[in-house]
Amino acid sequence: MTERPPGDRRAATATVVARPGIVRRLAAALRAGLYRPLAEDEDRVAYWVRHVRNGVLLTEVAAWSVVGYTFLTETPGRHHPVLLVLAGVVIVATPAVMLLPLAAMMRDSRGPSLFYAWSMLVTVVVIIGTRLDGGASSPLDGLLFLTLTYMAVAYSPHGVMTMGSLMTGSYFLFVMLPDVTTSGLFFLSILGSITMICAMASANSWAAYDRQVMLIRTQETLAATDPLTGIPNRRAFLERVTNAVHDAAWGHQTVVCLVDLDGFKAVNDAGGHAAGDAMLTAVGAALGAAVRETDTVARLGGDEFAVLADTSVSSTGEMLAERLRAAVAQVGAAQGVTASVGVAEVEPGDDVEDLMHRADAAMYRSKSGGGDRVTMLAY
């Protein structure tokens, strides 16, 4: 048994002590919940921008309703100048939200921050209006329910609970006190209950969205993956080649290598499809081991593979193709399988179909020359 030196034990102890405390971990979890990203794609961004637009419309309608209420009802808030000023400020200022760079904001922490600031300002205005209109007896506090309903769609469960608690606490401190009434306590209990219901609705909404995103990503992965070898398929490869052609205009050097197996039919004839499938899987793995992680190895179909790789002065397309040929020769040696490799450099302005045709022509030249060789045709 090997004993750990005393110095090592002290270091291990120090590592344990240095772990964040429970308060810090809870704060980090709360922050992650409050500021989870709202959007990662254009469709989701468009959804949140529409939600902001709907919120502006909702706020405008509520403010105009307060104006009508102030003029038409016999309450302590009738013709109250402060109430009218607050409603006027909301009516004039709220549309300015649409001038913000909303599409960019929804992709980072500015999106949640906008909604939180918006809700807090609405809460302040509603609390002041309720206080001026007679306190707990005023119907203006019902606007808090409107805000909570809007929050259930816009916020994460953490956000709903935080803002609902803020509303409930503000109402108790600035509307109910010092004269606590039964009706006021009833309103608080309903506000708390609505907060819980909205938080559950928010949790269900976000869970459904997460499941949808996971399903879409799984489908996209399956659609771009060869089911036998687990490497990209023709569709995914051609998409990456298209991107490589665009990058070539900026001086990015890449090369396409087509790899066609020699002697593969004999493997199928001797061992059946299971042996052939095993060989194809082994070749896919061997090709992947012969390139960098940033390069792409794909199966185009049958016994034909393709590689898209970066090149440089010290790592040319022909050098890469030779590594690929050697990798196949090694894995297929026991069954007499080799590879004919064709190479085509990606040029700026290339048509993808023409580029693949050049690589295909080079590969067939290798095949017609006896196989187990590399051919690179001039552009």
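Relevant structure appears above.
Keep in mind the model is a prediction, meaning the values are calculated, not measured.

J.: Report on the overall build of the chain, specifying residues and quantitative values.
T.: Secondary structure summary: the chain contains 13 helices and five strands in total. Taking 21 Å as the expected radius of gyration for a compact globule of 379 residues, we find that the chain reaches 33 Å, considerably beyond that expectation. With respect to the three principal axes, the spread of C-alpha positions in the chain is 100 × 65 × 40 Å. Expressed as a percentage of its 379 residues, the buried residues of the chain come to 40%. Counted over contacts in the chain with a minimum sequence separation of 6, partners at least 24 positions apart contribute 70%. On the chain, roughly 20,600 Å² of surface is accessible, and the fraction owed to carbon and sulfur atoms is 63%. Charge-centre separation for the chain: the mean point of 29 positive side chains lies 9 Å from the mean point of 36 negative side chains.

J.: Can you break down the packing of helix α3 (residues 42-72) against helix α4 (residues 81-93) residue by residue, with the values?
T.: Closest axis-to-axis distance for the α3/α4 pair is 9 Å, and the angle between their directions is 160°. With respect to α4, the element α3 is oriented roughly antiparallel. In this structure, the crossing between α3 and α4 has a hand that is left-handed. Of the residues in α4, those touching α3 at Thr59, Glu60, Ala63, Trp64, Val66, Val67, Thr70 and Phe71 are Leu83, Leu84, Ala87, Val90 and Ile91. Its residues assigned to classes, the contact of α3 with α4 comprises ten nonpolar, two polar and one charged.

J.: Account for the nonpolar core, naming residues and giving values.
T.: In terms of nonpolar packing, the biggest core is built from 39 residues, with Trp48, Val52, Met106, Phe115, Leu144, Tyr155 and Tyr171 touching the most fellow members. Among the secondary structure elements, those contributing two or more residues to this core are α3, α5 (102-105), α6 (110-132), α7 (143-154), α8 (157-176) and α9 (182-223). In terms of residues, this core owes the most to one element, α9, which gives eight residues. Excluding anything up to four places from it in sequence, methionine 106 contacts Leu38, Ala39, Trp48, Val52, Gly111, Leu114 and Phe115. With 27 residues, the next largest nonpolar core counts Val255, Val297, Val328 and Val341 among its residues.

J.: I'd like a description of the sheet that holds strand β5 (residues 373-376), backed by residues and values.
T.: The sheet built from five strands is open, its strands ordered β2-β3-β1-β4-β5 with mixed pairing. Every other strand in the sheet has two partners, leaving β2 (296-301) and β5 as the edge strands with one partner each. Put simply, the sheet's adjacent strands are angled 20° from each other on average, direction ignored. With four bridges joining them, strand β4 (residues 338-345) and β5 adopt parallel strand pairing. From the neighbouring strand, serine 340 faces β5, where its bridge partner is arginine 373. Sheet contacts for helix α10 (residues 234-248): β1 (254-262), β2 and β3 (304-310); angle to β3, the most-contacted strand, approximately 30°.

J.: Mind laying out the packing of aromatic side chains, listing which residues take part and the relevant values?
T.: Enumeration according to the criterion identifies eleven aromatic pairs in this entry. Plain terms: the ring middles of phenylalanine 115 and tyrosine 150 are 6.4 Å apart, the flat faces sit at 55° to each other, and that makes the pair tilted. Taken together, the residues span a long stretch of sequence, with phenylalanine 115 in helix α6 and tyrosine 150 in helix α7 at a distance of 35 residues. Owing to a relative accessible area of 1%, phenylalanine 115 belongs among the buried residues under this scheme. Put simply, the rings of Tyr35, Tyr47, Trp48, Phe115, Tyr116, Trp118, Tyr150, Tyr155, Trp206 and Tyr209 pair up and form one aromatic cluster. The ring of tyrosine 35 has arginine 31 sitting right over it, with the charged end atom 5.2 Å from the ring centre. Lying over the aromatic face of tryptophan 206, arginine 44 brings its terminal NZ or CZ to 5.4 Å of the ring centre.

About the criteria used
- Residues numbered from 1 in each chain as written.
- Predicted model: local features only at pLDDT ≥ 70, side-chain atom pairs only at ≥ 80, totals over all residues.
- Heavy atoms only, no water.
- Helix = DSSP H or I, 4+ residues; strand = E, 2+ residues; numbered from the N terminus.
- Rg over C-alpha atoms; globule rule 2.2 N^0.38 Å.
- Buried < 20%, exposed > 50% of the residue type's maximum accessible area, 1.4 Å probe, protein only.
- Contact = heavy atoms within 4.5 Å.
- Areas by Shrake-Rupley, 256 points an atom, 1.4 Å probe, with all protein chains shown as cover.
- Lys, Arg positive; Asp, Glu negative; His and termini not counted.
- Charge placed at Lys NZ, Arg CZ, Asp CG, Glu CD.
- Axes fitted to C-alpha atoms, helices over the stretch in contact; angles between N-to-C directions.
- Parallel < 35°, antiparallel > 145°, perpendicular 65-115°, else oblique.
- Left-handed = near helix turned anticlockwise from the far one by under 90°.
- Nonpolar A, V, L, I, M, F, W, Y, C, P; charged D, E, K, R; others polar.
- Core = buried A, V, L, I, M, F, W, Y, C linked by side-chain atoms within 4.5 Å.
- Pairing = 2+ DSSP bridges.
- Phe/Tyr/Trp six-rings, centres within 6.5 Å; stacked < 30°, edge-to-face > 60°.
- Lys NZ or Arg CZ within 6 Å of the ring centre and 35° of its normal.

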